[in-house]
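Analysis of the macromolecular model
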Amino acid sequence: MTHPAMEYKNVTGRIYDIQGYAVHDGPGIRTTVYTKGCPLRCLWCHSPESQRRELELGYLPVKCLGTDLCRDACVSACPEGAISRGEPVKDLRASGMIQKPAIDREKCSGCLKCAEACMTQALYASARDTTVDEVYDRVIKDVSFFKNGGGITISGGEAMAQFEFTYNLSKRLKSRGIHICLDTTGFAEAVLFERVLPYVDLFLYDIKHMDSARHEKLVGVPNELILSNARFIAARGGALQIRVPVIPKLTDQESNLRRTAEFCLSLGEAVKLVQLLPYHKTGRMKYDRLGWRYKLANVEPPDDVFMGGALAMFQSYGLNCQLH
Ligand code: SF4
Ligand code: SF4
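Residues numbered from 1 in each chain as written. Chains lettered and ligands numbered in written order. Predicted model: local features only at pLDDT ≥ 70, side-chain atom pairs only at ≥ 80, totals over all residues. Heavy atoms only, no water.

1. Considering the site of ligand 2
Around ligand 2 sit 13 residues in total, of which Cys78, Cys108, Cys111, Leu112 and Cys114 are the nearest. A molecule is said to occupy a pocket when more than half its atoms come within 2 Å of that pocket's grid points, and by this definition ligand 2 occupies the largest cavity. For the shell around ligand 2, the residue count by class is 9 nonpolar, 2 polar and 2 charged. (Near = heavy atom within 4 Å. 1 Å grid on protein atoms, 1.4 Å probe; cavity = no way out; pocket = protein on both sides within 12 Å on 5 of 7 lines; lining within 4 Å. Sits in = over half its atoms within 2 Å of the grid points. Nonpolar A, V, L, I, M, F, W, Y, C, P; charged D, E, K, R; others polar.)

2. With respect to the sheet that holds strand β7 (residues 128-131)
Across the sheet, 9 strands lie side by side as β7-β1-β2-β8-β9-β10-β11-β12-β13; this open sheet has mixed pairing. Each having just a single partner strand, β7 and β13 (321-323) make up the two edges of the open sheet. When strand polarity is set aside, the average angle formed by the axes of neighbouring strands in this sheet is 30°. Across the face of the sheet, helix α3 (residues 132-139) comes into contact with β1 (12-22), β2 (30-35), β7 and β8 (151-155) while running at roughly 85° to β7. Along the sheet face, helix α4 (residues 163-174) touches β1, β2, β7, β8 and β9 (179-184) and points at about 160° away from the line of β9. (Pairing = 2+ DSSP bridges. Helix = DSSP H or I, 4+ residues; strand = E, 2+ residues; numbered from the N terminus. Axes fitted to C-alpha atoms, helices over the stretch in contact; angles between N-to-C directions. Contact = heavy atoms within 4.5 Å.)

3. Quick look at the domain arrangement of the chain
Per the domain assignment, the segments of the chain are domain 1 (4-54 + 128-323) and domain 2 (57-125). Centre-to-centre separation of domain 1 and domain 2, based on C-alpha positions: 34 Å. (Domains from an automatic or database assignment.)

4. Overview of the environment of threonine 12
Here threonine 12 lies in strand β1. Residues threonine 12 and isoleucine 154 lie 142 residues apart in sequence; the distance between their C-alpha atoms is 14 Å. In contact with threonine 12, not counting residues within four places along its chain, are Thr130, Thr131 and Phe165.

5. A few points about the packing of helix α8 (residues 254-266) against helix α10 (residues 304-316)
At a closest axis distance of 10 Å, the pairing of α8 and α10 adopts a crossing angle of 35°. Relative to α10, the crossing made by α8 is right-handed. On α10, the residues that touch Glu254, Leu257, Arg258, Thr260 and Ala261 of α8 are Phe306, Ala310, Met313 and Phe314. Looking at the contact of α8 with α10 residue by residue, the class counts come to 6 nonpolar, 1 polar and 2 charged. (Left-handed = near helix turned anticlockwise from the far one by under 90°.)

6. Topic: the packing of aromatic side chains
Following the criterion strictly, the structure yields 7 aromatic pairs and no others. Taken together, a centroid distance of 5.4 Å and an interplanar angle of 25° make the contact between phenylalanine 163 and tyrosine 167 stacked. Here phenylalanine 163 and its partner tyrosine 167 are both found in helix α4, 4 residues apart, which amounts to about one turn of the helix. The pair formed by phenylalanine 163 and tyrosine 167 is uniform in burial state, with each residue classed as buried. Their ring planes at 75° and their centres at 5.8 Å tell us that tyrosine 167 and tyrosine 199 sit as a pair that is edge-to-face. Of this pair, tyrosine 167 sits in helix α4 while tyrosine 199 sits in the loop between α5 (190-196) and β10 (202-206), placing them 32 residues apart in sequence. Counting every residue linked through ring pairs, the aromatic cluster contains Phe163, Tyr167 and Tyr199. Its guanidinium or amino end placed over the ring of tyrosine 136, arginine 172 lies 3.7 Å from that ring's centre, counting from NZ or CZ. In this structure, arginine 195 is placed above the aromatic ring of tyrosine 167, and the distance from its NZ or CZ to the ring centre is 4.5 Å. (Phe/Tyr/Trp six-rings, centres within 6.5 Å; stacked < 30°, edge-to-face > 60°. Buried < 20%, exposed > 50% of the residue type's maximum accessible area, 1.4 Å probe, protein only. Lys NZ or Arg CZ within 6 Å of the ring centre and 35° of its normal.)

7. A closer look at the layout of surface pockets
In this structure, the second largest pocket encloses a volume near 170 Å³. Lining the second largest pocket are Arg52, Leu55, Glu56, Leu57, Arg105, Cys108, Ser109, Gly110, Leu290 and Trp292. Here the residues of the lining of the second largest pocket sort into 5 nonpolar, 2 polar and 3 charged. (Points joined across faces, edges and corners; volume = space filled by probe spheres on them.)

8. Side note on the environment of aspartate 201
Summarising the element assignment, aspartate 201 is placed in the loop between α5 and β10. Along the chain, aspartate 201 and serine 144 lie 57 residues apart, while their C-alpha atoms are 19 Å from each other. Not counting the four nearest positions on each side in its chain, aspartate 201 is found in contact with Lys174, Ile178, His179, Ile180 and Ala239. Separated by 2.6 Å, the side chains of aspartate 201 and lysine 174 make a polar contact. Within the structure, the side chain of aspartate 201 is placed 2.7 Å from the backbone nitrogen of isoleucine 180, a separation counted as a polar contact. (Polar contact = N/O pair within 3.5 Å; in protein donor to acceptor, adjacent residues only side chain to side chain.)

9. A short note on the site of ligand 1
In the neighbourhood of ligand 1, the contacting residues comprise Cys64, Leu65, Gly66, Thr67, Cys70, Cys74, Pro101, Cys118, Thr120, Ala122 and Leu123. Its residues assigned to classes, the shell around ligand 1 shows 8 nonpolar, 3 polar and no charged.

10. A look at the pattern of salt bridges
Taken as a whole and judged by the stated rule, the model has 16 salt bridges. With its nearest N and O atoms 3.4 Å apart, the salt bridge here joins arginine 195 to glutamate 164. With arginine 195 in helix α5 and glutamate 164 in helix α4, the pair connects residues that are 31 residues apart, well separated along the chain. Judged by relative accessible area, which is 40%, glutamate 164 ranks as partly exposed. Linked by salt bridges that have partners in common, Asp183, Asp206, Lys208 and Arg243 make up one network. (Salt bridge = Lys/Arg side-chain N within 4 Å of Asp/Glu carboxyl O.)

If you want it as C-alpha coordinates, here you go:
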(Lines give C-alpha, C1' and ligand atoms only; values in the text may rest on other atoms or scores of the structure.)
(Ligands and ions follow the chains in the order given, each with its own letter.)
Protein backbone atom coordinates (compact mmCIF):
# COMPACT_ATOMS: atom_id res chain seq x y z
CA MET A 1 0.00 0.00 0.00
CA THR A 2 1.27 3.49 -0.86
CA HIS A 3 2.10 5.73 2.07
CA PRO A 4 -0.28 8.75 1.99
CA ALA A 5 2.65 11.13 1.60
CA MET A 6 3.84 9.33 -1.52
CA GLU A 7 0.85 10.29 -3.62
CA TYR A 8 1.93 13.95 -3.49
CA LYS A 9 5.53 13.27 -4.46
CA ASN A 10 5.12 13.95 -8.14
CA VAL A 11 2.70 16.87 -7.97
CA THR A 12 4.81 19.82 -8.91
CA GLY A 13 4.32 23.55 -8.73
CA ARG A 14 6.21 26.71 -9.53
CA ILE A 15 6.62 29.07 -6.59
CA TYR A 16 8.56 32.27 -6.11
CA ASP A 17 8.63 32.49 -2.33
CA ILE A 18 7.61 31.05 1.02
CA GLN A 19 7.35 33.55 3.87
CA GLY A 20 6.87 32.81 7.54
CA TYR A 21 5.39 35.19 10.17
CA ALA A 22 2.94 36.63 7.65
CA VAL A 23 0.33 38.76 9.41
CA HIS A 24 -1.55 40.23 6.44
CA ASP A 25 -2.58 37.06 4.64
CA GLY A 26 -5.54 35.95 6.73
CA PRO A 27 -6.11 35.49 10.47
CA GLY A 28 -3.29 35.10 12.99
CA ILE A 29 0.34 34.35 12.23
CA ARG A 30 0.73 32.42 9.01
CA THR A 31 3.18 31.02 6.51
CA THR A 32 2.44 32.04 2.93
CA VAL A 33 3.33 30.07 -0.18
CA TYR A 34 3.51 32.25 -3.30
CA THR A 35 2.76 30.51 -6.58
CA LYS A 36 3.88 31.93 -9.92
CA GLY A 37 1.61 32.69 -12.85
CA CYS A 38 -1.60 34.71 -13.02
CA PRO A 39 -4.25 35.25 -15.72
CA LEU A 40 -4.74 38.87 -14.60
CA ARG A 41 -2.49 41.88 -15.20
CA CYS A 42 -3.53 44.42 -12.59
CA LEU A 43 -1.99 47.79 -13.30
CA TRP A 44 -1.14 48.19 -9.61
CA CYS A 45 0.25 44.66 -9.12
CA HIS A 46 2.85 44.78 -6.34
CA SER A 47 4.25 41.34 -7.22
CA PRO A 48 5.14 41.58 -10.93
CA GLU A 49 7.41 38.55 -10.53
CA SER A 50 4.25 36.54 -9.84
CA GLN A 51 2.52 37.34 -13.14
CA ARG A 52 4.11 35.17 -15.81
CA ARG A 53 4.32 31.44 -15.53
CA GLU A 54 7.76 31.49 -17.18
CA LEU A 55 10.94 32.01 -15.19
CA GLU A 56 12.47 35.47 -15.62
CA LEU A 57 15.84 36.95 -14.94
CA GLY A 58 15.97 39.24 -11.91
CA TYR A 59 18.87 41.50 -10.98
CA LEU A 60 19.67 42.92 -7.54
CA PRO A 61 22.59 45.37 -8.00
CA VAL A 62 23.21 45.58 -4.25
CA LYS A 63 24.40 41.96 -4.26
CA CYS A 64 26.68 42.38 -7.24
CA LEU A 65 30.46 42.21 -6.66
CA GLY A 66 31.37 43.72 -9.99
CA THR A 67 32.57 42.12 -13.18
CA ASP A 68 36.29 42.48 -12.34
CA LEU A 69 36.04 40.45 -9.15
CA CYS A 70 33.88 37.84 -10.88
CA ARG A 71 36.11 37.73 -13.93
CA ASP A 72 33.15 38.47 -16.14
CA ALA A 73 31.34 35.30 -15.05
CA CYS A 74 27.91 36.58 -16.07
CA VAL A 75 29.16 38.39 -19.18
CA SER A 76 30.81 35.29 -20.59
CA ALA A 77 27.97 32.96 -19.55
CA CYS A 78 25.48 34.74 -21.77
CA PRO A 79 25.06 33.05 -25.15
CA GLU A 80 23.12 36.00 -26.56
CA GLY A 81 25.63 38.73 -25.81
CA ALA A 82 22.93 40.39 -23.70
CA ILE A 83 25.28 41.19 -20.79
CA SER A 84 28.13 43.63 -21.02
CA ARG A 85 30.23 45.59 -18.57
CA GLY A 86 28.25 48.63 -17.50
CA GLU A 87 29.43 52.14 -16.73
CA PRO A 88 31.82 52.34 -13.73
CA VAL A 89 29.94 53.13 -10.49
CA LYS A 90 31.11 53.86 -6.97
CA ASP A 91 31.81 50.69 -4.99
CA LEU A 92 29.73 50.89 -1.82
CA ARG A 93 31.83 48.22 -0.06
CA ALA A 94 35.22 49.82 -0.65
CA SER A 95 36.68 52.99 -2.08
CA GLY A 96 37.04 53.10 -5.83
CA MET A 97 34.86 52.25 -8.77
CA ILE A 98 33.50 48.96 -10.07
CA GLN A 99 31.68 47.86 -13.18
CA LYS A 100 28.40 46.05 -12.86
CA PRO A 101 26.69 44.16 -15.65
CA ALA A 102 24.44 46.00 -18.06
CA ILE A 103 21.59 43.78 -19.28
CA ASP A 104 20.07 44.30 -22.67
CA ARG A 105 16.56 42.97 -22.08
CA GLU A 106 15.78 43.09 -25.79
CA LYS A 107 18.48 40.52 -26.48
CA CYS A 108 17.81 38.36 -23.41
CA SER A 109 16.17 35.01 -24.19
CA GLY A 110 15.63 34.13 -20.51
CA CYS A 111 17.94 31.09 -20.57
CA LEU A 112 19.16 31.96 -17.03
CA LYS A 113 22.73 30.79 -17.68
CA CYS A 114 24.00 34.03 -16.17
CA ALA A 115 22.03 33.34 -12.97
CA GLU A 116 23.68 29.92 -12.73
CA ALA A 117 27.08 31.56 -13.13
CA CYS A 118 26.43 34.30 -10.56
CA MET A 119 27.70 33.12 -7.16
CA THR A 120 26.09 35.91 -5.14
CA GLN A 121 22.67 35.53 -6.79
CA ALA A 122 22.70 39.16 -7.83
CA LEU A 123 21.32 37.63 -11.01
CA TYR A 124 18.59 35.18 -10.13
CA ALA A 125 15.66 33.19 -11.49
CA SER A 126 12.35 34.72 -10.46
CA ALA A 127 10.90 31.38 -9.24
CA ARG A 128 11.65 27.69 -8.80
CA ASP A 129 9.92 24.41 -9.41
CA THR A 130 9.06 22.28 -6.43
CA THR A 131 6.74 19.49 -5.25
CA VAL A 132 3.84 19.36 -2.82
CA ASP A 133 6.03 17.17 -0.59
CA GLU A 134 8.86 19.64 -0.50
CA VAL A 135 6.60 22.58 0.32
CA TYR A 136 4.74 20.54 2.92
CA ASP A 137 8.00 19.57 4.65
CA ARG A 138 9.07 23.23 4.69
CA VAL A 139 5.85 24.79 5.99
CA ILE A 140 5.07 22.09 8.53
CA LYS A 141 8.12 23.26 10.48
CA ASP A 142 6.22 26.49 11.24
CA VAL A 143 3.23 24.84 12.92
CA SER A 144 4.19 26.01 16.42
CA PHE A 145 4.05 29.65 15.20
CA PHE A 146 0.50 29.42 13.89
CA LYS A 147 -1.02 31.49 16.70
CA ASN A 148 -4.43 33.22 16.92
CA GLY A 149 -6.12 31.17 14.23
CA GLY A 150 -3.07 31.22 11.94
CA GLY A 151 -2.03 28.59 9.43
CA ILE A 152 -1.01 28.41 5.79
CA THR A 153 -2.00 30.81 3.03
CA ILE A 154 -1.58 29.73 -0.57
CA SER A 155 -1.22 32.86 -2.62
CA GLY A 156 0.07 34.00 -5.99
CA GLY A 157 0.07 34.97 -8.71
CA GLU A 158 -3.09 32.95 -8.96
CA ALA A 159 -2.86 29.73 -6.99
CA MET A 160 -5.86 28.26 -8.86
CA ALA A 161 -3.87 28.52 -12.09
CA GLN A 162 -1.69 25.69 -10.72
CA PHE A 163 -4.70 23.80 -9.56
CA GLU A 164 -3.26 20.32 -8.95
CA PHE A 165 -0.48 21.76 -6.84
CA THR A 166 -2.81 24.01 -4.83
CA TYR A 167 -5.45 21.31 -4.43
CA ASN A 168 -3.02 18.64 -3.28
CA LEU A 169 -1.13 20.97 -0.97
CA SER A 170 -4.39 22.12 0.65
CA LYS A 171 -5.59 18.56 1.01
CA ARG A 172 -2.39 17.37 2.57
CA LEU A 173 -2.16 20.27 5.02
CA LYS A 174 -5.82 19.94 5.94
CA SER A 175 -5.20 16.29 6.87
CA ARG A 176 -2.94 17.72 9.61
CA GLY A 177 -5.75 20.02 10.80
CA ILE A 178 -4.01 23.18 9.60
CA HIS A 179 -6.07 26.30 8.88
CA ILE A 180 -5.90 27.03 5.13
CA CYS A 181 -6.46 30.35 3.41
CA LEU A 182 -6.55 30.50 -0.37
CA ASP A 183 -5.75 33.93 -1.77
CA THR A 184 -7.41 34.09 -5.18
CA THR A 185 -8.50 36.46 -7.92
CA GLY A 186 -11.53 34.21 -8.39
CA PHE A 187 -10.67 33.83 -12.07
CA ALA A 188 -10.86 30.03 -12.46
CA GLU A 189 -13.51 27.49 -13.37
CA ALA A 190 -16.23 27.02 -10.74
CA VAL A 191 -15.69 23.26 -10.84
CA LEU A 192 -12.17 23.81 -9.50
CA PHE A 193 -13.46 25.89 -6.60
CA GLU A 194 -15.93 23.12 -5.88
CA ARG A 195 -13.09 20.59 -5.61
CA VAL A 196 -10.89 22.68 -3.36
CA LEU A 197 -13.70 24.00 -1.12
CA PRO A 198 -13.59 21.17 1.47
CA TYR A 199 -9.95 21.94 2.24
CA VAL A 200 -10.09 25.73 2.42
CA ASP A 201 -11.18 27.50 5.60
CA LEU A 202 -11.18 30.99 4.18
CA PHE A 203 -10.95 32.44 0.67
CA LEU A 204 -9.13 35.76 0.44
CA TYR A 205 -11.03 37.08 -2.53
CA ASP A 206 -10.42 40.27 -4.50
CA ILE A 207 -13.23 42.35 -5.96
CA LYS A 208 -11.41 44.92 -8.04
CA HIS A 209 -14.14 46.68 -10.00
CA MET A 210 -17.88 46.09 -10.40
CA ASP A 211 -18.09 47.35 -13.98
CA SER A 212 -16.94 44.53 -16.24
CA ALA A 213 -15.61 46.69 -19.09
CA ARG A 214 -13.69 48.85 -16.65
CA HIS A 215 -12.47 45.73 -14.85
CA GLU A 216 -11.08 44.37 -18.12
CA LYS A 217 -9.26 47.64 -18.81
CA LEU A 218 -7.64 47.63 -15.39
CA VAL A 219 -6.72 43.98 -14.99
CA GLY A 220 -7.05 42.38 -18.44
CA VAL A 221 -10.11 40.17 -17.89
CA PRO A 222 -13.85 40.87 -17.38
CA ASN A 223 -15.42 40.35 -13.96
CA GLU A 224 -18.42 38.06 -14.58
CA LEU A 225 -16.59 34.83 -13.73
CA ILE A 226 -15.11 36.37 -10.59
CA LEU A 227 -18.46 37.61 -9.32
CA SER A 228 -20.23 34.35 -10.15
CA ASN A 229 -17.54 32.31 -8.38
CA ALA A 230 -17.93 34.45 -5.27
CA ARG A 231 -21.66 33.66 -5.32
CA PHE A 232 -20.85 29.99 -5.95
CA ILE A 233 -18.49 29.76 -2.97
CA ALA A 234 -20.97 31.58 -0.73
CA ALA A 235 -23.85 29.34 -1.81
CA ARG A 236 -21.80 26.22 -0.97
CA GLY A 237 -20.96 27.35 2.54
CA GLY A 238 -17.47 28.69 1.88
CA ALA A 239 -16.11 31.62 3.91
CA LEU A 240 -14.90 34.76 2.18
CA GLN A 241 -12.67 37.62 3.18
CA ILE A 242 -13.28 40.16 0.44
CA ARG A 243 -10.42 42.47 -0.46
CA VAL A 244 -11.06 45.71 -2.30
CA PRO A 245 -8.09 47.58 -3.77
CA VAL A 246 -8.63 51.33 -3.54
CA ILE A 247 -6.62 52.84 -6.39
CA PRO A 248 -7.03 56.60 -6.94
CA LYS A 249 -8.88 57.41 -10.18
CA LEU A 250 -9.00 53.72 -11.15
CA THR A 251 -11.23 51.95 -8.61
CA ASP A 252 -12.03 54.61 -6.02
CA GLN A 253 -15.19 56.11 -7.57
CA GLU A 254 -17.97 56.29 -4.98
CA SER A 255 -20.37 54.49 -7.33
CA ASN A 256 -17.95 51.57 -7.68
CA LEU A 257 -17.28 51.32 -3.96
CA ARG A 258 -21.02 51.39 -3.22
CA ARG A 259 -21.72 48.66 -5.80
CA THR A 260 -18.90 46.60 -4.27
CA ALA A 261 -20.38 47.01 -0.78
CA GLU A 262 -23.83 46.01 -2.09
CA PHE A 263 -22.33 42.95 -3.77
CA CYS A 264 -20.57 41.92 -0.54
CA LEU A 265 -23.84 42.34 1.31
CA SER A 266 -25.62 40.13 -1.22
CA LEU A 267 -23.24 37.26 -0.36
CA GLY A 268 -24.72 37.15 3.14
CA GLU A 269 -23.01 35.43 6.03
CA ALA A 270 -20.29 33.95 3.82
CA VAL A 271 -18.51 37.30 4.02
CA LYS A 272 -16.60 37.30 7.29
CA LEU A 273 -14.66 40.46 6.63
CA VAL A 274 -14.19 43.13 3.97
CA GLN A 275 -10.75 44.68 3.78
CA LEU A 276 -10.05 47.93 1.96
CA LEU A 277 -6.54 47.92 0.49
CA PRO A 278 -5.22 51.44 -0.12
CA TYR A 279 -2.87 51.71 -3.09
CA HIS A 280 0.82 51.77 -2.18
CA LYS A 281 4.04 51.87 -4.15
CA THR A 282 6.10 49.27 -2.34
CA GLY A 283 6.20 46.91 -5.32
CA ARG A 284 7.66 49.52 -7.60
CA MET A 285 11.32 48.54 -7.16
CA LYS A 286 10.46 44.97 -8.20
CA TYR A 287 9.64 46.28 -11.68
CA ASP A 288 13.17 47.73 -11.88
CA ARG A 289 14.68 44.38 -10.91
CA LEU A 290 12.86 42.72 -13.80
CA GLY A 291 13.59 45.55 -16.21
CA TRP A 292 9.86 46.35 -16.58
CA ARG A 293 8.13 49.72 -16.74
CA TYR A 294 5.92 50.64 -13.78
CA LYS A 295 2.76 52.11 -15.27
CA LEU A 296 1.35 53.88 -12.21
CA ALA A 297 4.40 56.02 -11.44
CA ASN A 298 2.20 59.14 -11.21
CA VAL A 299 -0.44 57.68 -8.89
CA GLU A 300 -0.23 58.64 -5.21
CA PRO A 301 -1.72 56.60 -2.34
CA PRO A 302 -5.17 57.74 -1.14
CA ASP A 303 -5.08 59.89 1.99
CA ASP A 304 -6.38 58.89 5.41
CA VAL A 305 -9.49 61.09 5.12
CA PHE A 306 -10.55 59.37 1.91
CA MET A 307 -9.89 55.89 3.32
CA GLY A 308 -11.77 56.79 6.53
CA GLY A 309 -14.76 57.86 4.44
CA ALA A 310 -14.65 54.67 2.37
CA LEU A 311 -14.45 52.58 5.53
CA ALA A 312 -17.44 54.38 7.06
CA MET A 313 -19.42 53.86 3.87
CA PHE A 314 -18.79 50.09 3.85
CA GLN A 315 -19.63 49.89 7.54
CA SER A 316 -22.86 51.79 6.93
CA TYR A 317 -24.03 48.71 5.00
CA GLY A 318 -23.59 46.64 8.16
CA LEU A 319 -20.45 44.94 6.79
CA ASN A 320 -17.58 43.95 9.03
CA CYS A 321 -15.01 46.12 7.31
CA GLN A 322 -11.49 47.28 8.11
CA LEU A 323 -8.55 48.99 6.47
CA HIS A 324 -5.72 46.70 5.51
S1 SF4 B 1 26.00 39.85 -11.57
FE2 SF4 B 1 26.94 38.18 -10.38
S3 SF4 B 1 28.48 37.27 -11.73
FE4 SF4 B 1 27.93 39.27 -12.62
S5 SF4 B 1 29.41 40.71 -11.76
FE6 SF4 B 1 27.65 40.78 -10.40
S7 SF4 B 1 28.09 39.26 -8.80
FE8 SF4 B 1 29.50 38.85 -10.50
S1 SF4 C 1 19.10 34.97 -19.05
FE2 SF4 C 1 19.38 36.54 -20.63
S3 SF4 C 1 21.10 37.73 -19.90
FE4 SF4 C 1 21.15 35.80 -18.76
S5 SF4 C 1 22.50 34.42 -19.93
FE6 SF4 C 1 20.41 34.05 -20.67
S7 SF4 C 1 20.14 35.43 -22.42
FE8 SF4 C 1 21.94 36.15 -21.27
